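# Structural overview
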2 protein chains.
Amino acid sequence: MKPPTITDVAQEAGVSVSTVSRHLRGDRVRAAERINRAVARLRYRPSPAAQSLKSGKTGAVALVVPDITNPFFAAVVRGAESITAQGGHTIFLANTDESDAREAEVVEDLITRVDGMLLAPASENNPSPQRLADAGVPTVLIDREAPSTGRFDTVLIDNHGGARFAIEHLLSNGHERIATIAGTVDSTPGRFRLEGYRDTLAAYSIELPPEFVQPGGFKEHGGYQSMLRLLALPDPPTAVFVANNTMTIGALRAIKDIGVRVPDDLSVVGFDDHPFSEILDPPLTVIDRPMEEQGALAMRMLLSRMNNDSSRISRRVVLDVRLTERASCGPPRNTPMGARRKAARI
Amino acid sequence: MKPPTITDVAQEAGVSVSTVSRHLRGDRVRAAERINRAVARLRYRPSPAAQSLKSGKTGAVALVVPDITNPFFAAVVRGAESITAQGGHTIFLANTDESDAREAEVVEDLITRVDGMLLAPASENNPSPQRLADAGVPTVLIDREAPSTGRFDTVLIDNHGGARFAIEHLLSNGHERIATIAGTVDSTPGRFRLEGYRDTLAAYSIELPPEFVQPGGFKEHGGYQSMLRLLALPDPPTAVFVANNTMTIGALRAIKDIGVRVPDDLSVVGFDDHPFSEILDPPLTVIDRPMEEQGALAMRMLLSRMNNDSSRISRRVVLDVRLTERASCGPPRNTPMGARRKAARI
DNA sequence: AGCTCGTCTGAAAACGGTTTCAGAAATTGT
DNA sequence: ACAATTTCTGAAACCGTTTTCAGACGAGCT
């Protein structure tokens, strides 16, 4: 019932504990074969607790994300997992529910249990990365930057460029009245996607009313409300860039409820692809990025940071995004807003 | 740089190690206040490795799922996480990629690191649960049963009933030519959903050609291929029950590619809801179940099993499912199969 | 003051490994 | 065959905590 210890193995094999330990760690040892048999018979596995007590290493890595049900983070987890699967490290997963407070708790708990951490901070002004740095825990940030940027390894995507692609795609379709449903601006993706939207429009000398930027908080409900507000505007947009996947769902629901047609009445670009995007009617044009790769790369960087000298200068990698064009964008309606305005008045 | 130990705290507070330890575990101690200050100043956190070496408890729980990117399992993780978040236990997450071999590895690794395990076995004839039982690790099975059923706590859903609801819904719409895209039959959900389909049709004395059961292997691509085959049948079905979410995506893609109209040409019922289901055109009718609750309940059962006498008789709970009716089902077309058959010939 | 009793304390022994150290055995060279 | 190596071995110390054990201390009683 009680798991066998190294002492049991030593006894069974008729050697000393030290010999067993050495054999297990790879030293040449005369009784190798006998030890192997003993290990197999007893089904011995060394106690990670004892090992890490001695070595100071836990053999575990933490992965802290704001929302595991967001397909993007699920993909990141999978990517990260695919790297550790090869060898050596096991993953602690924690969910922070987008809360700084919860994240602090979680990090505080995990900090003693792991050799390194992959973290997607809940917000940009969040003390966790600093705490990890103080504790000397190797850390790689995913998708979001830390207050004291440059001090951490970070795996980002080109949020600004993604927004630019989206807006330019819309512009090339002839739109000028382009709105956006933005995420939380104190997060890296929220901030840069919004800046990309603004900078691109500015580059084309297009000025838009402030109501064309609607805060959706990265939540489905926020996307829904924002789209409702946009469509209720006296002079509504002809195209909308929605800054993430969950808000897109909400936005499309609003569109459906009101009866606006895509892309005839309104063109839509989302951020982050999903298998469902293809079977929507019309299929959704999105900004796509390598999600699993982002997780995998972050994990690789963490592992290397854990092995190599941890004083190495920190790396900040930015992954490319691309526009996946489907059918949710078209030219703006020739007849001005009459029909749509009526629909929005429901 | 090195994390402080209990000895450092003792020194700082001017007491012995034992006193610090006792205070931390809740004993009355004279130097309480001084110890608290020392702990705070040093930012001391007890080493989990040392604690678990002494106590034999790790304070961790494993959660092993076949595919974290499946929204159902993501929801399960979230549900489970919401329970442990309250107190004491941290979660190891592992992904088995639906592979028995990988699952064995993962379980073998985790078995020494956790006090209990939540497991969704990759298949029904899978040695892992037995291995866990042998090792005396409290285990709760999620969504899938183990070979030696009845010996494990298990949290299932009413797969058979769900399939019945789906088929009866289709029958009540006037369909008789009802096909199914089935999952892997060596998994609990796959098996029972298929049986539910068969039993319900049998109960209504409906006999269908064997090609009306298409194996989709729970994968998107399988769903796609299966739907293609169904639509290419000389006498195709008027309705299809698709046995899980990922296959549904594939099936709908096939439908879209071929140009069949839902529900006019074909009615569809899926299994497991998703935010996207509502914004499809038409919105998808699905069998829905409490996903996060399933994870949360499983975790609660595991925790209780870990605390109470582990010889308590095992529980098998079956959660209710329900039909969420949207617009993907309607009466079968009056005109027989002409149009559809033509479309399917592409 | 002297005694008992109860409360609180520190030293020391675990827990299961790894690693150092010194010594034993095997190998090599002559 | 013997010394000089080299390789292998077991005893013991250690990692950071909890817990047992015995003893110190203070309070309460006569």
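See above for the structure.
Right, let's walk through the structure included here. All values reported here derive from a predicted model rather than from experimental measurement.

## Focus on the overall build of chain A
Check the secondary structure of chain A and you find 13 helices and twelve strands. Whereas a compact globule of 346 residues would reach a radius of gyration of roughly 20 Å, chain A reaches 26 Å, over 25% beyond that. Along the first, second and third principal axes, the C-alpha set of chain A runs to 90 × 40 × 30 Å. Relative to its full complement of 346 residues, chain A shows a buried share of 55%. Across chain A, the fraction of contacts at a sequence separation of at least 24, relative to all contacts at a separation of at least 6, is 69%.

## Details of the protein's contact with DNA strand C
Looking at DNA strand C, there are 24 residues lining it, with A:Ile6, A:Ser21, A:Lys54, B:Thr19 and B:Arg22 nearest. Backbone sugar and phosphate groups make up 61% of those atoms of DNA strand C lying within 4 Å of the protein. A distance of 2.7 Å separates a phosphate oxygen of DNA strand C from a polar atom in the side chain of A:Ser21. B:Arg22 places a side-chain nitrogen or oxygen 2.7 Å from a base nitrogen of DNA strand C. Taken together, the elements giving at least two residues each to the surface near DNA strand C come down to α2 (17-25) and α4 (48-55) of chain A together with α2 (17-25) and α4 (48-55) of chain B. Taken together, the residues of the surface near DNA strand C sort by class into nine nonpolar, eight polar and seven charged.

## Considering the sheet that holds strand β6 (residues 178-182) of chain A
All names here are of chain A. Read from one edge to the other, the open sheet built from six strands follows the order β7-β6-β8-β9-β10-β12, with strand pairing classed as mixed. Since the sheet does not close on itself, it has two edges, and those belong to β7 (213-215) and β12 (322-324), each with one partner. Strand after strand, the sheet turns through a mean of 20° between neighbouring axes, direction not considered. Pairing between β6 and strand β8 (residues 239-242): four bridges, direction parallel. Bridge pairing in β8 places isoleucine 178 opposite alanine 239. In the packing of helix α10 (residues 220-232) onto the sheet, the strands contacted are β6, β7 and β8, and the crossing angle to β7 comes to about 150°. Here helix α11 (residues 245-258) sits on the sheet and contacts β6, β8 and β9 (267-271); the angle it forms with β9, its principal contact strand, is near 155°.

## Some remarks on helix α8 (residues 159-172) of chain A
All names here are of chain A. Given a rise of 1.5 Å per residue, 14 residues ought to cover 20 Å, and the 20 Å separating the end C-alpha atoms of α8 matches this to within 8%. Residues Asn159, Gly161, Gly162, Ala163, Ala166, Ile167, His169, Leu170 and Leu171 constitute the buried set of α8. Within two residues after α8, glycine 174 carries a phi angle of roughly 100°, on the positive side.

## What about the relation of the copies chain B and chain A?
With an RMSD of 0.1 Å, the fit of chain B onto chain A corresponds to turning through 180° and sliding 0.0 Å along the axis. The two molecules are tied by a two-fold rotation axis, judged by turn and shift. A shared binding surface is used by both copies, with 100% of the interface residues of chain B retained as interface residues in chain A.

## Quick word on the packing of aromatic side chains
What the rule picks out here adds up to six aromatic pairs over all chains. Aromatic pair A:Phe72 and A:Phe73: ring centres 4.8 Å apart, planes at 55°, arrangement tilted. Here B:Phe241 and B:Phe271 contribute two aromatic rings whose centre-to-centre distance is 6.3 Å and whose plane-to-plane angle is 55°, an arrangement assigned as tilted. In this pair, B:Phe241 sits in strand β8 (residues 239-242) while B:Phe271 sits in strand β9 (residues 267-271), placing the two residues 30 residues apart along the sequence. Taken as a pair, B:Phe241 and B:Phe271 share a single burial class, namely buried. For the cation-ring pair, A:Arg193 lies above A:Phe271, with the distance from its terminal atom to the ring centre recorded as 3.7 Å. Here A:Arg289 stacks its cationic end above the ring of A:Phe72, 3.6 Å away from the centre of that ring.

So, how was this worked out
All residue numbers here refer to positions counted from 1 along the written sequence of the relevant chain. Chain letters and ligand numbers both follow the written order, the letters beginning at A and the numbers at 1. Per-residue local features are limited, in this predicted model, to residues with pLDDT of at least 70; the limit for side-chain atom pairs, both in listing and counting, is 80 or more; totals at the level of whole chains, interfaces and linings are taken over all residues. To get the side-chain values, take all heavy atoms of the structure and skip hydrogens and water. Put simply, DSSP marks the helices as runs of H or I at least four residues long and the strands as runs of E at least two long, and each gets a number from the N terminus on. Each radius of gyration is computed over the set of C-alpha atoms, and the globule rule expresses the reference value as 2.2 Å times the number of residues to the power 0.38. When a residue's accessible area, from a 1.4 Å probe over protein chains only, is under 20% of the maximum for its type it is buried; when over 50% it is exposed; and in between it is partly exposed. Contacts are assigned to residue pairs with any non-hydrogen atoms lying within 4.5 Å of each other. We call a residue near a given molecule or strand whenever any one of its heavy atoms falls within 4 Å of it. For this analysis, a polar contact is any N or O atom pair within 3.5 Å, provided that within protein one partner can donate a hydrogen and the other can accept it, and provided that sequence-adjacent residues contribute only side-chain to side-chain pairs. Think of it as three bins: nonpolar holds Ala, Val, Leu, Ile, Met, Phe, Trp, Tyr, Cys and Pro, charged holds Asp, Glu, Lys and Arg, and polar takes everything else, Gly as well. Any two strands are treated as partners once DSSP identifies two or more bridges connecting them. In this analysis, axes come from line fits to C-alpha atoms, helices being fitted only over the stretch in contact, and the angle between any two N-to-C directions falls in the range 0 to 180 degrees. Here the expected length of a helix is defined as 1.5 Å per residue gap, with one fewer gap than residues. Superposing the copies works by least squares over the C-alpha atoms of residues that have pLDDT at least 70 in both of them. Pairing of aromatic rings covers Phe, Tyr and Trp, the last through its six-membered ring, and needs centres within 6.5 Å; plane angles under 30 degrees mean stacked, over 60 mean edge-to-face, and all others mean tilted. In this scheme, Lys NZ or Arg CZ marks a charge over a ring once it lies within 6 Å of the ring centre and within 35 degrees of the ring normal.

Everything listed is a geometric property; what it means functionally is a separate question.
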